[in-house]
Amino acid sequence: MINDVKRRAPFYWSDWRDAWDYRVVPATVYMYFANILPALAFSLDMFTKTHNSYGVNEVLLSSVMACVIFSLFAAQPLVIVGVTGPITVFSYTVYDIVVPQGTNYFAFMAWIGIWSLIMHWLLAITNSCNFLTYVTRFSCDTFGFYVAFIYLQKGIQVLTRQWGLAGGESAYLSIMVSLLVLGFAYGCGILGASNLLHHIPRKFIEDYGTPLTIIFFTGFVHIGHMKNVHLETLPTSKSFFPTADRGWFVHFWEISVGEVFLAIPFAILLTILFWFDHNVSSLIAQGSEFPLRKPPGFHWDIFLLGLSTGVAGLLGIPFPNGLIPQAPFHTTSLCATRQVVDEKARGHTVRVVDHVVEQRVSNLAQGLLFLVTMSGPLLIVLHLIPQGVLAGLFFVMGVQALEGNGITQKLLFLARDKNLTDATDPLARIDRRLAIWVFVAIELIGFGATFAISQTIAAIGFPVFLILLIVARSWLMPKWFRDEELRALDAPTAGPFVMESVGGAYGESETHTPEGNETAVVDDTLERGQSYELEMSPANRKDVPDGAGLMTGGPARRRPSHNESQRPQGGVRKRSRSSVNRRGG
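Residues numbered from 1 in each chain as written. Predicted model: local features only at pLDDT ≥ 70, side-chain atom pairs only at ≥ 80, totals over all residues. Heavy atoms only, no water.

A. How the structure looks around the overall build of the protein chain. A count of helical and extended segments in the protein chain gives 21 helices and seven strands. For the protein chain, buried positions account for 58% of its 585 residues. Expressed as a percentage of contacts within the protein chain between residues at least 6 apart in sequence, the contacts between residues at least 24 apart total 83%. Accessible area of the protein chain: about 23,200 Å², with a carbon and sulfur share of 66%. (Helix = DSSP H or I, 4+ residues; strand = E, 2+ residues; numbered from the N terminus. Buried < 20%, exposed > 50% of the residue type's maximum accessible area, 1.4 Å probe, protein only. Contact = heavy atoms within 4.5 Å. Areas by Shrake-Rupley, 256 points an atom, 1.4 Å probe, with all protein chains shown as cover.)

B. How the structure looks around the confidence of the model for the protein chain. On average, residues of the protein chain carry a pLDDT of 81, and 85% of them reach 70 or more. Low pLDDT, under 50, characterises residues 509-585; the stretch is placed with 181 contacts to residues that sit more than four places away or in other chains. (pLDDT = per-residue confidence, 0-100.)

C. Geometry of the pattern of salt bridges. Scanning the model with the defined rule gives eleven salt bridges in all. Glu289 serves as the salt-bridge partner of Arg137, at 3.3 Å between the closest nitrogen and oxygen. Separated by 152 residues along the polypeptide, Arg137 in helix H7 (residues 137-166) and Glu289 in the loop between helix H10 (257-285) and helix H11 (298-315) bring together distant segments of the chain. Residue classification places Arg137 among the buried residues on the basis of a relative accessible area of 10%. Judged by relative accessible area, Glu289 falls into the partly exposed class, the value being 31%. Each of Arg8, Asp15, Asp18, Lys294 and Arg360 takes part in one network of salt bridges that share partners. (Salt bridge = Lys/Arg side-chain N within 4 Å of Asp/Glu carboxyl O.)

D. A look at the packing of aromatic side chains. Enumeration according to the criterion identifies 38 aromatic pairs in this entry. The interplanar angle of 45 degrees and the centroid separation of 5.8 Å between the aromatic rings of Phe42 and Tyr151 together place this pair among those described as tilted. In this pair, Phe42 is assigned in helix H3 (residues 24-49) and Tyr151 in helix H7, connecting sequence segments 109 residues apart. Across this residue pair, the class does not change: Phe42 and Tyr151 are buried. (Phe/Tyr/Trp six-rings, centres within 6.5 Å; stacked < 30°, edge-to-face > 60°.)

E. Spatial organisation of the packing of helix H5 (residues 85-98) against H7. Two elements in contact, H5 and H7, have axes whose closest approach is 9 Å; the angle formed by their N-to-C orientations is 65 degrees. The angle between the axes of H5 and H7 places the two elements in the roughly perpendicular class. In contact with Gly85, Pro86, Val89 and Tyr92 of H5, H7 contributes Phe143, Tyr146, Ile150 and Lys154. Partitioning the contact of H5 with H7 into residue classes produces six nonpolar, one polar and one charged. (Axes fitted to C-alpha atoms, helices over the stretch in contact; angles between N-to-C directions. Parallel < 35°, antiparallel > 145°, perpendicular 65-115°, else oblique. Nonpolar A, V, L, I, M, F, W, Y, C, P; charged D, E, K, R; others polar.)

F. Highlighting the packing of H10 against H11. Contact pair H10 / H11: the axes reach a minimum separation of 11 Å and the direction vectors enclose 130 degrees. The pairing of H10 with H11 is recorded here as oblique in orientation. The crossing of H10 and H11 is right-handed. Taken together, the residues of H11 that come into contact with H10 (itself represented by Leu270, Phe274, Trp275, His278, Asn279, Ser282 and Leu283) are Phe298, Asp301, Ile302, Leu305 and Thr309. For the contact of H10 with H11, the residue count by class is seven nonpolar, four polar and one charged. (Left-handed = near helix turned anticlockwise from the far one by under 90°.)

G. A look at unusual backbone geometry. A positive phi angle, close to 55 degrees, is found at His51, a residue other than glycine. By the secondary structure assignment, His51 is in the loop between H3 and helix H4 (56-73). Of the residues examined, His51 reaches a relative accessible area of 58% and is grouped as exposed. Non-glycine residue Asn127 carries a positive phi angle of around 60 degrees.

H. Here's a closer look at the side chain of Glu58. In this structure, Glu58 sits in helix H4. A distance of 2.9 Å separates a polar atom in the side chain of Glu58 from the backbone nitrogen of Gly55. Setting aside residues no more than four positions away along its own chain, Glu58 makes contact with Ser53, Pro242, Thr243, Ala244, Arg246, Trp248, Gly316, Ile317 and Pro318. (Polar contact = N/O pair within 3.5 Å; in protein donor to acceptor, adjacent residues only side chain to side chain.)

I. Representation of the nonpolar core. Among the nonpolar cores identified, the biggest contains 140 residues, and Leu37, Val94 and Ile112 are the most heavily contacted of them. No other element matches the 14 residues that H10 contributes to this core. Val94 has contacts with Val99, Tyr105, Phe108, Met109, Ile112, Phe266 and Ile460, leaving out every residue within four places of it along the chain. Among the nonpolar cores identified, the runner-up in size contains ten residues, and Val24, Leu78, Phe290 and Cys335 belong to it. (Core = buried A, V, L, I, M, F, W, Y, C linked by side-chain atoms within 4.5 Å.)

J. Summary view of helix H12 (residues 326-333). The buried fraction of H12 amounts to seven of the eight residues, a majority that puts the element mostly inside the structure. Turning to H12, its buried residues are Gln326, Ala327, Pro328, Phe329, His330, Thr331 and Ser333.

K. Up close: the environment of Leu234. Assignment of secondary structure puts Leu234 in the loop between helix H9 (199-220) and H10. Taking relative accessible area as the criterion, Leu234 reaches 0% and is therefore assigned buried. For the pair formed by Leu234 and Ser43, sequence separation is 191 residues and the distance between their alpha carbons is 9.1 Å. With sequence-adjacent residues up to four places away left out, Leu234 is seen in contact with Leu40, Ser43, Leu44, Val56, Leu382, His383, Ile385, Gln387 and Leu390.

L. Inspection of the environment of Ala494 at higher detail. Counting through the fold element by element, Ala494 comes out in the loop between helix H19 (483-489) and helix H20 (496-499). Judged by relative accessible area, which is 2%, Ala494 ranks as buried. Aside from chain neighbours lying at most four places away, what touches Ala494 is Leu283, Gln286, Gly287, Ser288 and Met499.

M. Summary view of H5. Relative to the 20 Å expected for 14 residues at 1.5 Å per residue, H5 spans 20 Å between its end C-alpha atoms, a close match to the ideal helical length. Between the side-chain oxygen of the N-cap and the backbone nitrogen of Ile87 there are 3.3 Å, and the N-cap of H5 in question is Thr84. (Expected span 1.5 Å × (residues − 1).)

N. Quick peek at the environment of Leu489. Tracing the sequence through the fold places Leu489 in helix H19. With a relative accessible area of 1%, Leu489 lands in the buried category. In this structure, the C-alpha to C-alpha distance between Leu489 and Ala435, residues 54 residues apart in sequence, is 8.9 Å.

Structure (structure tokens):
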């Protein structure tokens, strides 16, 4: 923890100065909608399943508290913290277990938070985050796959409830609206990544497409004959007051001694979930595809997470932690990109990340917007959002998370025609195609077990499966898979610069690549062991600004990342992540 603070402290003031950048504006707006709307949908889920114990105000206050703490004090301010799908499952599962026994639910949850705070601090003090060296893409992809399906499942559940709440006509209109939201929001992302239109309107559509889609379809349902159809909307309560008839501070002493100690096993499961979920969120948000320049601090942030967990328990609000996929989406929205034309590759144009705007303002700003949202006028506005629109946003988040997931990419590789598969693909160099099938099958079994148990009363035990995935990858799978197969199929989640603070990446070893390879391959979307890094060479390239031009009014200026400071000059070189110089962390 001390080393984390020492490494990050010199960058603290630059975290505020660097926010003077255009990318912060769309990132704030996008993350506000990408964070608040799923959170509101989760609040609807908890409102229903905990019999009005949690509602909109509890979820908003939890997000505000977490965003303020982590944006001001965290060593990794890019990580978005809030109410997640797994904690929603945890909260109403605890309710189903203890409330029928006559236990005070809020007091019991407060003690879970207190015990978990102690456990988080013990984990932080004992440098437990060093075990992140064993967390690879295998575990992250499996958990990310699970979270994506939780989003899709919640969207479907919101729609199926419409038959019981408002009738068939309303249900079918909600389904139509949800699919339209998915189509338009996803289409905006595709358009933003294409070469259509000028880069300014293209980037505007990419940055603001999802929020504008939500706003448009909230009003769309009031057009024509649709205005005569009753649609269920998001339930809200009195501004700045708890949903239930209680105060904000929980009387945690109104519980028996036996129940205080009964909360310990629940706290253990919560701590396991948060240790894995928050750290994975941090790893993915600082993944090797992002050219970051500022050091991370996993140990210190686990300490802060314990603090926010304890405070949330005492306030009677859901426990917040790192969000997937919002955390990596936040970093992506802060990426300044440009189009690079490689004349040696017959003028082929690729989109590359120029730099990431690493700062604290976007996280803090979207958190404070949550606080404003708790006011009376904006709660009225939230009450206008049809539940079908919220379901559509669930679908958008789920599809986007699945699209970039390593499991999805491997399945697509296996489904491709072998004769039309790119020979430079790392998976194409694996001799045993069976190894790819077995690797994917193990990931899907891990996902299936985690998803299945989360549908039962034993749902609070699903964090145990996450730990088993790490054990299986580190000690069991190497017994059957060959080393070269695992290097192609799996990789560290983050680069050496990020992993250095936890002792380096698992299985990291030096590899050598022929210096003469100048094939212009940028962005290995599968992130499977090989990293492709672009060096600008005026002799064979020219830039077309994209995104960065919006900020500066002209061509993008390259700012080197920490690792790039040691790179040799030249053209495009392919090299292993493990060969990146690890000095200076």
